[in-house]
Every structure is written in C-alpha cells, then in structure tokens.
Amino acid sequence: MAKRKASILVIDDEESVRRSLERILSFEGYQVECASNGPLGVNMALQDEPDLILLDIKMPKMDGLEALQTLVNQGTKAPVIMISGHGTVQTAVEATKLGAFDFLEKPLDRDRLLLVVRNAVERSDLLQENRELKQEVAKRFQMVGSDASLDQLKDRIDRVAKTHATVLITGESGTGKELVARRIHEQSGRTGRFVQVNCAAIPQDLIESELFGHIKGAFTGAVENQPGKFQLADKGTIFLDEIGDMSLKTQAKVLRVLQENEVEPVGAGKTVAVDVRVVAATNKHLEQMIEAGEFREDLYYRLNVVPLHSVPLSQRRGDIPALVRHFAHQFASENNLPPQTISDSVMRQLSSRTYRGNIRELKNLVERVLILGEAYALGDDSPKSPSSEMALDHYETLKEFKEDTEKRFLLAKLKQFEGNISKTAESIQTPRSNLYKKLEHYDIVVERDIVD
Ligand SMILES: Nc1ncnc2c1ncn2[C@@H]1O[C@H](COP(=O)(O)OP(=O)(O)OP(=O)(O)O)[C@@H](O)[C@H]1O
Ligand SMILES: [Mg+2]
C-alpha cells in the first residue's frame, strides 16, 4: 500500500527506548511523536489522534494498563501496541483482552517491531475506510426531519428491512418514496444489488423482457441472451417504481414471480429461480384502480404486505427549516463549496411556500437559491394573492416589503412583454432610464431572468 506514512505515538518512560523506537520508525518513514509518561501520552493521543500508539506497560504515575483503559473509554480509534518489559508479559496478554491490538517484548526486535506496526497500520486504515463508507451511506440515505410521521416511518423501515416481506410505499410525488426503498435495501443486509425499475418509463412491449430477460432470437433485436431486472436483483432488492402504471398483463406475470420465486425469460420456455426482495411504490390510489379494473386485487394484496406511507410536505411543514439546512449543506459538499448560509428572510420565504412537488421541489428551490441568489430564485410570480397574510409574513421591514414586491412586479411585467424594455416601461408608466436603473438595482438580467 503506497500511502501516506502513518503517525505513531510512543509512550514510554525510558528515554533510551523512546529514542531507539523513534530512530527505527522514522527511518521507515513513519511520523513519530513521543511522550515520557502515561498522562502526557493519553493527552497527546486524544489531541493528535495518531494512527497508532505504542504503549509501555511499566511506567510510574499511570501504568500502561491504566492508560489503555482511559484511551479505550475515551473512544480512541488508533490500535494500541503494548510494550512489555521483563515480567509483564502476562499483563500484556491481559491488555489484548482489554482491546490492545498486540504486544511487543523488550528487548525490542527490529523486524518484529516493524511487522507488528505494519499490521496495525493496515488494520487502522481498513477501519478508517470502513467508518468513512458507513458515514457516506448514512448521509446519502439520511431522512431529515423530526415530524412524528417520519419517526413512525423510520421505525417501520427498521422493523421491516431485515425481513423478506414485500413492501408497498405510497405517497405523493417527491415525498421520498425512493429514499425509503433504498434505505430498506441498505438496512436489509441482503448481499445482492438494489435494482430500480421505473414501470412508467418502459414501453409496454419491452417491459417483460426488461423484467424477466430474454433469450437470443426470442424476438427481432434479441441478438444476445439477456438477464432481466429480477435476475440482476438476485439476493438483493428490486424496486418496482410507479407500479400503478404496469399493464394488467405484466401485473399477472409479476404476481407469478411473487408466488413462485422464479422468472421465465422471454422465449426461454423454462423458468429460473430467483431470490429477490420486492419493494414497490406508487403515487396512485391503487384501491380506486382496483375498482376501475385497472389493477389486480390479488397482486395488490401480495405487494401490500407491509404498507408504508410517506406524508406530503404540507403535513409536516415544521421540518422545512431542517430540510433547507440539510440540502444547503449537501449542495455545498457535493460541489466542494464552503458552508452555505441561508438568510432569515430566505428561510421565512421558503417556510411559507406551498410545495406541490414536495421535498423534491424544496430541494430544487434551495439549490436554485444557492446558485442564482435569493433575488432570482425566489422572485418568481407564482400565483398567490398579493394581500394574503402568508405573503406579508415574509417581511420584517417596510423597505424589504417594498423592494421585494417591486422586484416581483418588474419581473412579471418583463415576462409579459418578453423582455422588451420599451414596452415594459411604457406599460408601467415609467421612463426607460428609470427601468434600467431598477433592473440594475435588483440585479435583474433580462434574457436570463425572464425565461421560464
Ligand atoms: N426526509 C428526507 N430527508 C432528506 N431528503 C429527502 C427526504 N425525503 C426525500 N428527500 C429527497 O427528496 C428528493 C425526492 O425524493 P424521492 O425521489 O425519494 O421521492 P419520490 O417519492 O420517489 O418521488 P416520485 O414519486 O416523484 O418518484 C430526493 O432527492 C430525496 O433524497
Ligand atoms: Mg420516485
């Protein structure tokens, strides 16, 4: 592993030992720091977070075992290698039970020292990578918010994830159904892949081949054997998104997969066993579709073993500020930008809007604010009654109110006249020069800001 050389903290009361360890390890390219007693060493370990700690057992003040205990209690992540002098080997063995990685005996053997150090560093790197991966996954599938409905949803996900039960997620567009499905897979411990199928996006005549695969020559264009999504999701999870858009014929075939745990590739004439966890989602009312004869009732009951519902944002408006901060943070880290702050005025405006596109719309809006600035992003002319209390709630000062209203008025008029300054100026009865001044003041760029 050609990596950055690890940092090592040596804690030993004997100066000669410290010096020889420092010499040998520095020569190998490690960065070495030394501490001459237990308390100092523990402090340095907690402050500097070295990659590895070498810890003498027999020291005055605080002995190695006590120091180890403190480090473990404080959650130190670095592996600790104990250094045992004559007569303390038994203690060293005990130390490994307490969490020490390994031990070395004095007099120190150079080769054994380097071997043990190398092993420990490798292990430390692995643990670090593992922690980072876990954090990344946790962040990606984080469900932000403290509304009771969300707690309940998370709780249900936790309960159902480890089972093989089929899950049906319902909820309006943009409420996080896909996030729920991914989280279920992430927590399921299933070793296979998460395979998403958007049933609405695949043409009906191709959907069977997409789902179940086909063999070479099954139809024109089938030049190779091809596995379907169910096979790709073997030992994993298949996410049937927009299940309400599936034709009755395909519904019948999916039902069969759920019953038999096997698929029949198009043209194969025989079945293949699969072990797939099915999660489906829809923003349609399947019960109504059943009554209308558009959705199979038997499939509905098969899918709906565990129903999960993600509530619309309008029913959990209290979560908006936390979501805004989350998306601002996410946007900054995805684009390598410094932390982004959201002004109080923007937060007020975002908190009082309605979001028919739910969380997705809110997320897009936050990104727009961060890219374009508050003025462009929020100064739109979405229909709202000008005197509604909601709208007035956004403003604290008269100036803020006047400017914001004026700006929105100008944007709307400019749009109406397709950016033509003369016509706009004439219509609102102000000199062109004044209109230009206003545009400059509000940072409005005609071509860019008035297009939809
Ligand atoms: N509670 C939440 N916390 C953080 N982000 C969320 C939350 N819920 C949804 N999101 C984010 O909102 C966006 C929309 O969510 P998602 O795609 O899961 O919605 P959906 O219900 O599948 O929508 P559609 O029906 O339109 O497919 C995604 O970027 C998702 O990560
Ligand atoms: Mg979706």
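The rules behind the values
- Residues numbered from 1 in each chain as written.
- Chains lettered and ligands numbered in written order.
- Predicted model: local features only at pLDDT ≥ 70, side-chain atom pairs only at ≥ 80, totals over all residues.
- Heavy atoms only, no water.
- Helix = DSSP H or I, 4+ residues; strand = E, 2+ residues; numbered from the N terminus.
- Rg over C-alpha atoms; globule rule 2.2 N^0.38 Å.
- Buried < 20%, exposed > 50% of the residue type's maximum accessible area, 1.4 Å probe, protein only.
- Pairing = 2+ DSSP bridges.
- Axes fitted to C-alpha atoms, helices over the stretch in contact; angles between N-to-C directions.
- Near = heavy atom within 4 Å.
- Polar contact = N/O pair within 3.5 Å; in protein donor to acceptor, adjacent residues only side chain to side chain.
- Areas by Shrake-Rupley, 256 points an atom, 1.4 Å probe, with all protein chains shown as cover.
- 1 Å grid on protein atoms, 1.4 Å probe; cavity = no way out; pocket = protein on both sides within 12 Å on 5 of 7 lines; lining within 4 Å.
- Sits in = over half its atoms within 2 Å of the grid points.
- Nonpolar A, V, L, I, M, F, W, Y, C, P; charged D, E, K, R; others polar.
- Phe/Tyr/Trp six-rings, centres within 6.5 Å; stacked < 30°, edge-to-face > 60°.
- Domains from an automatic or database assignment.
- Contact = heavy atoms within 4.5 Å.
- Left-handed = near helix turned anticlockwise from the far one by under 90°.
- Core = buried A, V, L, I, M, F, W, Y, C linked by side-chain atoms within 4.5 Å.

(A) Focus on the overall build of the protein chain. Per the secondary structure count, the protein chain includes 21 helices and 14 strands. The C-alpha atoms of the protein chain give a radius of gyration of 32 Å, which is well past the 22 Å a tight globule of 452 residues would have. Judged by the C-alpha coordinates and their principal axes, the protein chain covers about 95 × 75 × 45 Å. Within the protein chain, buried positions represent 42% of all 452 residues.

(B) The sheet that holds strand E14 (residues 306–309), seen in detail. Strand order in the open sheet formed by 5 strands is E7-E10-E13-E6-E14, and the pairing between neighbours is parallel. The open sheet has two free edges, formed respectively by strand E7 (194–198) and E14, since each of these has just one partner strand. Ignoring strand direction, the axes of neighbouring strands in this sheet form an average angle of 20°. Sheet topology places strand E10 (residues 237–241) next to strand E13 (residues 277–282); 4 bridges connect them, and they run parallel. Counted as the bridge partner of Ile238 is Val278 from E13.

(C) Structural view of the site of ligand 1. Around ligand 1, the surrounding shell holds 18 residues, and the nearest of these are Val144, Ser173, Gly174, Lys177 and Arg360. One of the side-chain nitrogen or oxygen atoms of Arg360 is found 2.9 Å away from an oxygen atom of ligand 1. Relative to its unbound accessible surface of 640 Å², ligand 1 loses 88% to contact with the protein. Of the pockets mapped on this structure, ligand 1 occupies the largest pocket. The residue makeup of the shell around ligand 1, split by class, is 6 nonpolar, 6 polar and 6 charged.

(D) Local environment of the packing of aromatic side chains. Per the counting criterion, the structure on display carries 3 aromatic pairs. Here Phe212 and Phe230 contribute two aromatic rings whose centre-to-centre distance is 5.8 Å and whose plane-to-plane angle is 15°, an arrangement assigned as stacked. Within this pair, whereas Phe212 is found in helix H8 (residues 204–212), its partner Phe230 is found in helix H9 (residues 229–232), the two being separated by 18 residues in sequence. With respect to class, Phe212 is no different from Phe230; both count as buried. Ring centres 5.3 Å apart and planes at 70° place the aromatic pair Tyr300 and Tyr301 in the edge-to-face group. On the accessibility criterion, Tyr300 (6% relative accessible area) is buried.

(E) Up close: the domain arrangement of the protein chain. Along its sequence, the protein chain is organised into domain 1 (7–137), domain 2 (158–310), domain 3 (313–378) and domain 4 (394–452). Using only C-alpha atoms to locate each centre, domain 1 and domain 2 end up separated by 52 Å.

(F) Examining the environment of Thr250 more closely. On the secondary structure map, Thr250 appears in helix H10 (residues 248–260). Here Thr250 falls in the buried class, since its relative accessible area comes to 2%. Setting aside residues up to four positions removed in sequence, Thr250 forms contacts with Gln204, Ile207 and Leu211. A distance of 2.9 Å separates a polar atom in the side chain of Thr250 from a polar atom in the side chain of Ser247.

(G) Focus on the packing of helix H18 (residues 398–416) against helix H20 (residues 432–441). Here H18 crosses H20 at 115°, and the two axes come no closer than 11 Å. Along this stretch, H18 crosses H20, giving a crossing that reads as left-handed. On the side of H18, the interface is formed by Glu403, Glu406, Leu410 and Leu414, while H20 contributes Leu435, Lys438, Leu439 and His441. For the contact of H18 with H20, the class distribution of residues is 4 nonpolar, 1 polar and 3 charged.

(H) The arrangement of unusual backbone geometry in detail. For the bond from Lys106 to Pro107, the omega torsion is -5°, close enough to zero to count as cis. With respect to the helices and strands, the residue Pro107 is situated in the loop between strand E5 (102–105) and helix H5 (110–140). Of note in the backbone geometry, Asp443 takes a positive phi value of approximately 65° without being a glycine. As for its placement among the helices and strands, Asp443 is situated in the loop between H20 and helix H21 (446–449).

(I) Seen up close, the environment of Glu186. Looking at the secondary structure, you find Glu186 in helix H7 (residues 177–188). Placed 51 residues apart in sequence, Glu186 and Thr237 show a C-alpha to C-alpha distance of 9.6 Å. Setting aside residues no more than four positions away along its own chain, Glu186 makes contact with Val137 and Phe141.

(J) Broad picture of the sheet that holds strand E2 (residues 31–35). Taking strand neighbours across the sheet as the criterion, the 5 strands line up as E2-E1-E3-E4-E5 in an open arrangement whose pairing is parallel. Lying at the two open borders of the sheet, with one neighbouring strand each, are E2 and E5. Sheet twist, expressed as the average angle between the axes of neighbouring strands with direction ignored, equals 20°. Examined bridge by bridge, strand E4 (residues 80–84) and E5 share 4 bridges and lie parallel to one another. Note that in E5 the partner of Ile81 across the bridge is Asp102. Each of E4 and E5 is contacted by helix H4 (residues 89–98), which is oriented at about 165° to E5, the strand it contacts most.

(K) Examining the nonpolar core more closely. In terms of nonpolar packing, the biggest core is built from 30 residues, with Leu211, Phe230, Leu240, Ile243 and Phe295 touching the most fellow members. At the level of secondary structure, the elements contributing two or more residues to this core comprise E7, H8, E10, H10, E13, helix H11 (286–291) and helix H12 (297–303). Per element, the largest residue contribution to this core is 4 residues, and it comes from H10. Not counting the four nearest positions on each side in its chain, Leu211 is found in contact with Val197, Gly228, Lys229, Phe230, Leu240, Met246, Thr250 and Val254. Counting 22 residues, the second largest nonpolar core, distinct from the first, contains Ala45, Met62, Leu71 and Val80.

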